[in-house]
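# Coordinate analysis (summary)
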Amino acid sequence: MAEYNRVSECVGLITLRNPPVNALSAAVRQGIVDTVQRALSDPNVKSVVICGQNGIFCGGADIKEFGSNMTGPPLIPMIHAIESANKPVVAAIEGSALGGGLELALGCHYRIAHSKARLGLPEVSLGLLPAAGGSQRLPRLIGVPAALNLITTGRHVTAAEALQLGIVDQVTDHNTVDAAVKFALSVAGRSLDPRRISTHPCPQQPDLDALFEEVMQKVRQSARGAIAPIACVQAVRAAATLPYAQGMERERELMATLFTSGQARALQYCFFAERAVGRWRMPSGARWDTSKPRPVHKAAVIGLGTMGRGITVALAQTGLSVIAVETQEKQLMEAKQAISGMLERGAKRRGVAPALDGVIYSQNIQAVADVDLVIEAVFEDIALKTKVFQQLSAVCKPGTLLCTNTSALDVDQLASETPNPELVVGMHFFAPAHVMKLLEVVYGPRSSPQAVATAMQLGKKMGKASVAVGNCRGFVGNRMLKPYIEEAFFLLEEGATPELVDQALEEFGFPMGVFRMSDLSGLDVGWRVRKGDGLVEPGTASGRSARIRQGRRYSPLGDLLCEEGRFGQKTGRGWYQYDKPGSRVARSDPWLHSFLGAYRAQHGLVARRIDHQEVLERCLYALINEGFHILDDGIAAGPEDIDVIYVSGYGWPRHRGGPMFYANMVGLAKVLERLEHYQQLHPEVPHLQPSSLLRRLVASGSPPIHKWGEAIKKLHSQL
Ligand SMILES: CC/C=C\C=C\CC(=O)SCCNC(=O)CCNC(=O)[C@H](O)C(C)(C)COP(=O)(O)OP(=O)(O)OC[C@H]1O[C@@H](n2cnc3c(N)ncnc32)[C@H](O)[C@@H]1OP(=O)(O)O
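An account of the accompanying structure is given in this report. (Residues numbered from 1 in each chain as written. Predicted model: local features only at pLDDT ≥ 70, side-chain atom pairs only at ≥ 80, totals over all residues. Heavy atoms only, no water.)

## Focus: the pairing of strand β3 (residues 47–52)
Of all six residues in β3, six are buried, a share of seventy percent or more. Every second residue of β3 is oriented toward a common face, with S47, V49 and C51 on one face and V48, I50 and G52 on the other, all of them buried. As paired elements, β3 and strand β4 (residues 89–93) share three bridges and run parallel to each other. Bridged to V48 within β4 is V89. The parallel pair β3 and β4, bridged by helix α2 (residues 75–84), forms a crossover whose chirality is right-handed. (Buried < 20%, exposed > 50% of the residue type's maximum accessible area, 1.4 Å probe, protein only. Helix = DSSP H or I, 4+ residues; strand = E, 2+ residues; numbered from the N terminus. Pairing = 2+ DSSP bridges. Right-handed = clockwise from strand over helix to strand, strands pointing away.)

## Some thoughts on the sheet that holds β3
Across the sheet, six strands lie side by side as β1-β2-β3-β4-β6-β9; this open sheet has mixed pairing. Among the strands making up the open sheet, the edge pair consists of β1 (2–7) and β9 (170–172). Averaged over neighbouring strand pairs, the angle between their axes works out to 20 degrees when direction is ignored. Pairing between strand β6 (residues 110–114) and β9: three bridges, direction parallel. Pairing of A113 across the sheet is with V171, part of β9. (Axes fitted to C-alpha atoms, helices over the stretch in contact; angles between N-to-C directions.)

## Here we look at the side chain of T418
Position of T418 relative to the elements: it lies in the loop between α15 (411–416) and β15 (424–429). A distance of 2.8 Å separates the side chain of T418 from the backbone oxygen of A415, its partner in a polar contact. Residues contacting T418, with those up to four places away along its chain left out, are F389, S393 and V424. (Polar contact = N/O pair within 3.5 Å; in protein donor to acceptor, adjacent residues only side chain to side chain. Contact = heavy atoms within 4.5 Å.)

## Things to note about helix α3 (residues 100–107)
For α3, the tally of buried residues reaches eight of eight residues, placing the bulk of the element in the interior. Among the residues of α3, G100, G101, L102, E103, L104, A105, L106 and G107 are the ones counted as buried.

## Let's talk about the nonpolar core
Among the nonpolar cores identified, the biggest contains 101 residues, and V368, V501, W575, L620 and F628 are the most heavily contacted of them. A per-element tally of this core places helix α23 (residues 612–633) first, with eleven residues. Sequence-distant contacts of W575, defined by excluding residues within four places in its chain, comprise F489, L492, P498, F515, S518, D519, L523, L557, G558, L561 and L592. Ranked by size, the runner-up nonpolar core spans 73 residues in total, among them I93, V124, A235 and A240. (Core = buried A, V, L, I, M, F, W, Y, C linked by side-chain atoms within 4.5 Å.)

## With respect to the packing of helix α5 (residues 144–153) against helix α9 (residues 228–241)
It is at 9 Å that the axes of α5 and α9 come closest, and there the two elements cross at 155 degrees. Considering their axes alone, α5 and α9 lie roughly antiparallel with respect to each other. Handedness of the crossing formed by α5 with α9: right-handed. Contacts from V144, L148, I151 and T152 of α5 reach α9 at P229, C232, V233, V236 and A240. Looking at side-chain class alone, the contact of α5 with α9 contains eight nonpolar, one polar and no charged residues. (Parallel < 35°, antiparallel > 145°, perpendicular 65-115°, else oblique. Left-handed = near helix turned anticlockwise from the far one by under 90°. Nonpolar A, V, L, I, M, F, W, Y, C, P; charged D, E, K, R; others polar.)

## Quick word on the site of the ligand
By nearness alone, 22 residues border the ligand, and G59, A61, I63, G100 and R275 come closest of all. Within the backbone of A61, a nitrogen or oxygen atom sits 2.7 Å from an oxygen atom of the ligand. The contact in question runs from a nitrogen atom of the ligand to an N or O atom on the backbone of I63, over 2.9 Å. Within the complex, the protein chains bury 74% of what would otherwise be the 1,100 Å² of accessible surface of the ligand. Of all the secondary structure elements, the ones that give two or more residues to the shell around the ligand are β5 (96–98) and α11 (262–276). Residue composition of the shell around the ligand, grouped by class: 13 nonpolar, five polar and four charged. (Near = heavy atom within 4 Å. Areas by Shrake-Rupley, 256 points an atom, 1.4 Å probe, with all protein chains shown as cover.)

## A closer look at the pairing of strand β2 (residues 11–16)
Most of β2 is tucked away, with six of its six residues classed as buried. Burial of β2 is two-sided: the residues V11, L13 and T15 facing one way and the residues G12, I14 and L16 facing the other way are all buried. Both β1 and β2 contribute to a ladder of six bridges, which runs antiparallel. In the sheet register, Y4 faces β2, and the bridge partner there is I14. Where β1 hands over to β2, the hairpin turn is made up of three residues, of which S8 adopts a positive phi near 45 degrees. Pairing of β2 with β3 involves six bridges; the strand directions are parallel. Looking across to β3, one finds that L16 is bridged to G52.

## Observations regarding the sheet that holds strand β7 (residues 118–120)
Pairing is mixed in the open sheet, where three strands are placed in the order β5-β7-β8. The open sheet is flanked by β5 and β8 (156–158), the only strands paired with a single partner. Averaged over all adjacent pairs, the angle separating strand axes in this sheet is 20 degrees, with direction ignored. Here three bridges tie β5 to β7, and the two strands are oriented parallel to one another. Note that in β7 the partner of L98 across the bridge is G120. Each of β5 and β7 touches α3; the most contacted strand, β5, lies at about 90 degrees to it.

## Describing the pattern of salt bridges
Applying the stated criterion across every chain yields a total of 40 salt bridges. A salt bridge links R618 to E487; the shortest N-O distance between them is 2.5 Å. Residue R618 is located in helix α23, and its partner E487 is located in helix α17 (residues 477–494); the two are separated by 131 residues in the primary sequence. Each of the two residues, R618 as well as E487, counts as buried. E537 serves as the salt-bridge partner of R549, at 3.5 Å between the closest nitrogen and oxygen. Of the two residues, R549 is situated in strand β18 (residues 548–549) and E537 in the loop between α20 (523–532) and β18; the sequence distance between them amounts to twelve residues. A relative accessible area of 7% means that R549 is categorised as buried. E537 sits in the partly exposed class, given a relative accessible area of 40%. (Salt bridge = Lys/Arg side-chain N within 4 Å of Asp/Glu carboxyl O.)

## Details of α23
The terminal C-alpha atoms of α23 lie 31 Å apart, and with 22 residues this matches the ideal 32 Å at 1.5 Å per residue to within 8%. Counting buried positions along α23 yields 17 of 22 residues, so the element is predominantly enclosed. (Expected span 1.5 Å × (residues − 1).)

## What to know about the side chain of D372
Note on placement: D372 falls in the loop between β12 (359–362) and β13 (373–376). At 2.8 Å, the side chain of D372 and the backbone nitrogen of H297 are in polar contact. In this view, D372 contacts P295, V296, H297, K298, K397, G399, T400 and L401; residues no more than four positions away in its chain are not counted.

## Topic: the environment of E676
Its place among the elements puts E676 in helix α26 (residues 668–681). Looking at E676, the relative accessible area reads 31%, which means it is partly exposed. For the pair E676 and A61, spaced 615 residues apart in the sequence, the C-alpha separation amounts to 43 Å. The residues contacting E676, other than those within four sequence positions of it, are P690 and R695.

Rendered as structure tokens:
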């Protein structure tokens, strides 16, 4: 709703009230329409101020309403009525003015912002465009290039940048509403014609066609199949080339296409999923809202390899004191130099001072005696990690939380080697740890809720999408990746090439296909794991039996490449070839193609034609199937957890919502039918055997994804 008051005798003050972000719900829109009319019809009111309660102007349209039949007054005429008013209307912007919130402000005649406010048109990140006149007014106000930048990226700008761009008229460090009221009084009675943005022509721009062509090309490249950024460019083009009314019509048409698209649904799902994972719960019943995190002022990182360095930077950038420990002097000095460089570059980018003094370097593990939390990031070796944990248990003050950054080892086993297993959790960072958004917080049966709450809160402070997951081999992300990679290997055996598989996955929207990604991360990583699992055998055997290991189909292709010293980019050869070791541009490698031919001949495999559809179904449905196993096992609390992990850490295209959302969109029955089909063709591949949860969900009528939680509970209680 919107509240109306008269202040300073002749200013009508309208306050948007819809916690937490004053979203423009039907009730708020109705409130604005009513109160604006009231202010305009009151002869004692000379000017109007619109503000939001609780220090936030407005977070935009109410995204929750998008999925339902929208009622209440529409935004466009509401904003138009404000712009057409014959009394000055001033927006008092505190906190955020985003999306429809900024569009409302652009309909006002003046905008006053608090210095800490953020403004933006983030609709593109929800699969939409600013369709309440924003795509038409902003270019008229700030020019085409700046508007294109803001609208196609959805980035939020500070009040200072907004002032510089001309979005706001004044910035204040004081009470914004008071400043806006004072301002409103000062402009009462002035002509409003020049203040109605929709009546302005777009500022002239030389060589408009070339500009739009260049931007469109850039946007198409980075969009990876997302349609909203392209529609945003088209809408701004309409602003630049058409009269306002026709531009609005084009805005409406483009929005109509986007609004009902699967992409908008997926992106809006991601928005809520990212918030839902913060409300974590464990199978024990422990939950986010009943578990109090411990304060963390001082942290330590043990082991300053690539991961440890990134973690140190991520911690220091949150303002924590960090003790960074590396036992070898040379490595410690190298790490210090690298960490300082990363901190300096990060600070420069963010326009702040680097937190160099926040990190203390030491060769001695005793230096961590008084820290609140330790993150161990030594080499992935259970014996080594166990030793470090035992040392930490002896050195640290009582109650220090012990976290392990492992991607594969058993967190429970590690915890059981310490006197206080309740203080142990996994913190699985992704490289580079100061850049990548994802953090899996891994709890074991003995991890205390407080330990989980503390790690989750620290993750949030570091700006990570933190997801609490149970302990199992590979946790959630890597566990699901295994069948995906295995299917890609099998496809090569059956006749595909790395180029074909990668192209199908990249067209789907992954930034890199499985083979280009494997070249980037290093083929030796998986080789080491497979060796540890006793799967690697000398490469001379041939025939089907050579490709069945531990009772299931196995492809030794990756092992054979490693035996050739082809570890990917770092050796200049992998699934592709590179100009030199370390170079990043992958080129097709004729050697690899003849190697595949020889391999198939040796194993009696006849290459067949494989299309993109089969690549997608085999790789993605195998991965999704593992996701259902994970849900059934209670390792992830809900599909949102899996989807946030995949979108934030594994390059799953956000406009497809994550693997479980994608399965829901494709239809669970279809996923089940295709898995059954492939399982019949490949009975020796257990990961193609449909999960029992998937079967049960289909049998119970394929409930929509937001009802899976209930369905899973019900299905479990029936077991
Ligand atoms: C014809 C025209 C038709 C449609 C036009 C659409 C234009 C639009 O306006 S689309 C919406 C554009 N706005 C946004 O994208 C802003 C989204 N919100 C945010 O970026 C942030 O929430 C924030 C406003 C910057 C506040 O951040 P923070 O303080 O970190 O809080 P959160 O945890 O993010 O949010 C708190 C709580 O509010 C819910 N919420 C936030 N924004 C909206 C919204 N626009 N609609 C509905 N609900 C919103 C958010 O989901 C959180 O609630 P949970 O229950 O935790 O999910």
